[in-house]
Amino acid sequence: MLTTAGFKGFTLIEMVVAVAILAVLAMLAAPLIELSGQRQKEAELRQALRQIRQAIDAYHQAALDKRIEVAADASGYPESLDVLVEGVPDIRKPDRPMIYFLRRLPRDPFHPDASVPAAETWGKRSYASPPDAPQAGEDVYDVYSLAQGTGLNGVAYREW
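Rules used throughout
- Position labels on residues start from 1 in each chain and follow its written sequence.
- Only residues with pLDDT of at least 70 are given local features in this predicted model, and only at 80 or more are side-chain atom pairs given and counted; all residues enter the totals for whole chains, interfaces and linings.
- Calculation of side-chain values draws on the structure's entire complement of heavy atoms; hydrogens and water are dropped beforehand.
- Put simply, DSSP marks the helices as runs of H or I at least four residues long and the strands as runs of E at least two long, and each gets a number from the N terminus on.
- Radius of gyration: over C-alpha atoms. The globule rule applied is 2.2 Å multiplied by the number of residues raised to the 0.38 power.
- The criterion is simple. A nonpolar core is a set of buried Ala, Val, Leu, Ile, Met, Phe, Trp, Tyr and Cys residues joined through side-chain atoms within 4.5 Å.
- Partly exposed residues are those whose accessible area sits between 20% and 50% of the maximum for their type, while under 20% is buried and over 50% is exposed, using a 1.4 Å probe and protein chains only.
- By definition, residues are in contact when any of their heavy atoms lie within 4.5 Å.
- Nitrogen and oxygen atoms within 3.5 Å of one another constitute a polar contact, given that in protein one can donate a hydrogen and the other can accept it, and given that sequence-neighbouring residues count only through two side-chain atoms.
- Patch construction takes residues with relative accessible area above 30% that form no salt bridge. Like charges are linked within 9 Å, and nonpolar side chains (Val, Leu, Ile, Met, Phe, Trp, Tyr) are linked within 5 Å.
- Here the Shrake-Rupley method, with its probe set to 1.4 Å, supplies the accessible areas, and only the displayed protein chains count as covering residues.
- For this analysis, a salt bridge means a side-chain nitrogen from Lys or Arg found within 4 Å of a carboxyl oxygen belonging to Asp or Glu.
- Working rule for helices: expected span equals 1.5 Å times residues minus one.
- To get the bend at a residue, fit one axis to the 7 residues ending there and another to the 7 starting there, then take the angle between the axes.

A word on the overall build of the protein
Now for step 1: Each helix and strand counted, the protein has two helices and four strands in total.
Now for step 2: Along the protein, helices (α) and strands (β) appear in the sequence α-α-β-β-β-β when read from the amino end.
Now for step 3: In terms of overall size, the protein is more extended than a compact globule, its C-alpha atoms giving a radius of gyration of 27 Å where 160 residues would be expected to give roughly 15 Å.
Now for step 4: Principal-axis analysis of the C-alpha atoms gives the protein an extent of 105 × 40 × 25 Å.

Below is the structure:
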């Protein structure tokens, strides 16, 4: 007579139930992981916009303080985003050291193509364009995301 008292382990039914429970838990966790990734990208977008906008404002303040050379008919805002990284000469000092406004230009975290230069991942608004219809122009007054989606706060990324 054979008994099962000497055998240890799980039955096939117990294994199937355990795998089914794990599958249900994984299905419930997937949206949370996706939401966490979106929240992280949105935090990166906020930080990048803040850095670029502060650098644009610092450039404009340097122009108002007559520390950098600006044409008489210019707005005092940078001609491109790359100028913020490349720097401009300080005309108030005799040896004309460079003034740098950013160490590196952040990328738009929602831009799909990683091979595109960072400056091309942003939409640019010139000083002459209206706020409700931003257009690029001779200078960079503001930047915005080119992403088509809407943030978790219900505001389109282009309007941040």
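Focus on the nonpolar core
Now for step 1: Ranked by size, the top nonpolar core spans 27 residues in total, and within it I56, L81, L84, F101, W122 and V143 carry the most contacts.
Now for step 2: Broken down by secondary-structure element, the contributors of at least two residues to this core are helix 1 (12-64) and helix 2 (82-86).
Now for step 3: With nine residues, the top contributor of residues to this core is helix 1.
Now for step 4: Setting aside residues no more than four positions away along its own chain, I56 makes contact with Y77, P78, L81, L84, V140, Y141, D142 and V143.

Focus on the side chain of D90
Now for step 1: Mapped onto the secondary structure, D90 falls in the loop between strand 1 (88-89) and strand 2 (98-99).
Now for step 2: Judged by relative accessible area, D90 falls into the buried class, the value being 3%.
Now for step 3: In terms of polar contacts, D90 uses its side chain to reach the side chain of R67, at 2.9 Å.
Now for step 4: In contact with D90, not counting residues within four places along its chain, are R67, R96, P97 and I99.

Regarding a nonpolar patch on the surface
Now for step 1: A cluster of nonpolar side chains, namely I13, V17, I21, L22, V24, L25, M27 and L28, defines an oily patch on the protein surface of about 840 Å² accessible area.
Now for step 2: Tracing the backbone shows M27 in helix 1.
Now for step 3: M27 sits in the exposed class, given a relative accessible area of 63%.

Thoughts on helix 1
Now for step 1: Taking 1.5 Å per residue, 53 residues should reach 78 Å; helix 1 reaches 78 Å between its end C-alpha atoms and fits that length.
Now for step 2: At A29, helix 1 shows its maximal bend, which comes to roughly 25 degrees, and the proline P31 appears one to four places after that position.
Now for step 3: Listing the buried residues of helix 1 in full gives E42, L45, A48, L49, I52, A55, I56, Y59, H60, A62 and A63.
Now for step 4: Packing partners of the buried residues in helix 1 comprise helix 2, strand 1, strand 3 (122-125) and strand 4 (142-145).
Now for step 5: Following helix 1 by one or two positions, K66 adopts a phi angle in the positive range, close to 60 degrees.

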